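The primary structure of each chain is shown beneath.
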Amino acid sequence: MYFILSKVLLFLLFPFSWIFVLLIVAVVTKKPRQRRRFLIIAVVMLFIFANTVIFNFFAKLWDIPPNELKPTSHYSCGIVLGGFSGPMGDRKGHFNEASDRFIQSVLLLKTGKIANLLVTGGNGNLFPGSFREGTWVKTQLEALNFPDSAILIESNSKNTIENARFSNILLKKSHLPGPYLLITSAFHMRRALMIFKKQGINVIPYSSHVMTKQDNYSFDDYFLPSAEILGKWGIYLKEMVGYIANHFF
């Protein structure tokens, strides 16, 4: 029920939805003063939530930044959270904008920083088809000639809570000692860390897929609204609400 409710109400977390509603109200209202007030609020919200500089300032406060491992660092397993690939056709898949999670995982495995890689992810869609992310990612790792003995797959989870719960079961069965590297996007790491630690899993953050840019801002970044930035706010607001909900429940 929690999973279904979170998907249905997700649209409420996107600033674009708020701005759209304000514009609709401004169009249908008959009072000029109220129309002007709603239009001003919509424009101000558009400037705030589509501004690159404001977004970067907030995102850098929220993100768990990438860390550099010591040359001698070695871990029994890295846990990469799904969400970096999706269905394309029946059982085929494709990598999406979060594919840096996969890239960093492969690099860690290839360079010997981790001895094993646990891929956790099923299908988080409200109406899932036959595609299961973990199963598909395994085929990609096999195509890169990684041995089956170094790959652990969990392909039933629908969200981060189930990622942690099912990974914990698999790690205990595999008798791999902690701590483990937790690999996910920088914006998602704060919530993922909390959830995994609540499950009693000893993890060290290894952030990837950084969505912020460097501080060499241009004129456009300060004054011109960006549709891309407007969309990114929805991701961060979802993380904030999820963090609060997962903390108390």
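Scroll up a little and you will see the structure.
Attention here is on the structure that accompanies the text. Because the structure is a prediction, the values reported are computed rather than measured. In every chain, residue numbers begin from 1 and rise along the written sequence. Selection of residues for local features in this predicted model requires a pLDDT of at least 70, selection of side-chain atom pairs for listing and counting requires 80 or more, and totals for whole chains, interfaces and linings are taken over all residues. As a convention, hydrogens and water are excluded, and side-chain values are obtained from all of the structure's heavy atoms.

By definition, any uninterrupted DSSP run of H or I lasting at least four residues is a helix, any uninterrupted run of E lasting at least two residues is a strand, and each is numbered from the N terminus. Looking only at helices and strands, the protein chain has ten helices and seven strands in total. Expressed as lengths along the three principal axes of its C-alpha atoms, the size of the protein chain is roughly 70 × 40 × 35 Å. When the accessible surface of the protein chain is totalled, it reaches about 13,800 Å², and 65% of it is carbon and sulfur. Positive charges come from Lys and Arg alone, negative charges from Asp and Glu alone, with His and the N- and C-terminal ends not counted. The atoms used to mark charge sites are NZ of Lys, CZ of Arg, CG of Asp and CD of Glu. Across the protein chain, the centroid of the 27 positively charged side chains sits 10 Å from that of the 15 negatively charged ones. Each accessible area is a Shrake-Rupley result for a 1.4 Å probe, and residues are judged covered by the shown protein chains and nothing else.

Let's shift gears to unusual backbone geometry. The omega torsion across Gly178 and Pro179 is 0 degrees, close enough to zero to call that bond cis. Following the sequence through the fold, Pro179 ends up in the loop between helix H7 (160-174) and strand E6 (180-185). Located in the positive-phi region is Asn145, a residue other than glycine, with phi close to 70 degrees. Positive phi, normally seen in glycine, also occurs at His209, with a value near 50 degrees. Its location among the elements puts His209 in the loop between strand E7 (203-208) and helix H9 (219-223). Judged by its relative accessible area of 13%, His209 is buried. With a 1.4 Å probe rolled over the protein chains alone, any residue whose accessible area is under 20% of its type maximum counts as buried; one over 50% counts as exposed, and the rest are partly exposed.

Now for the pairing of E7. Between any two strands, at least two bridges found by DSSP are needed for them to pair. Inspection of the sheet shows E6 paired to E7 by six bridges, in the parallel sense. Bridging across to E7, Ile183 finds its partner in Tyr206. Here, the term right-handed applies to a crossover whose path from the first strand over the helix to the second runs clockwise when the strands point away from the viewer. Crossover E6 to E7 through helix H8 (residues 186-198) is right-handed.

So, on to the environment of Asn125. Considering the arrangement of structural elements, one finds Asn125 in the loop between strand E4 (117-120) and helix H6 (133-143). C-alpha separation for the pair Asn125 and Lys158, spaced 33 residues apart in sequence, amounts to 7.7 Å.

We now examine helix H2 (residues 15-28). The span one expects for a helix is its residue count, reduced by one, times 1.5 Å. A rise of 1.5 Å per residue sets the reference length of H2, with its 14 residues, at 20 Å; its end C-alpha atoms lie 20 Å apart and thus fit the reference within 8%. Lining the buried residues of H2 we find helix H3 (32-49) and helix H10 (227-248). Any two residues having at least one pair of non-hydrogen atoms within 4.5 Å are treated as being in contact.

The quantities given are spatial measurements derived from coordinates; they are silent on function.
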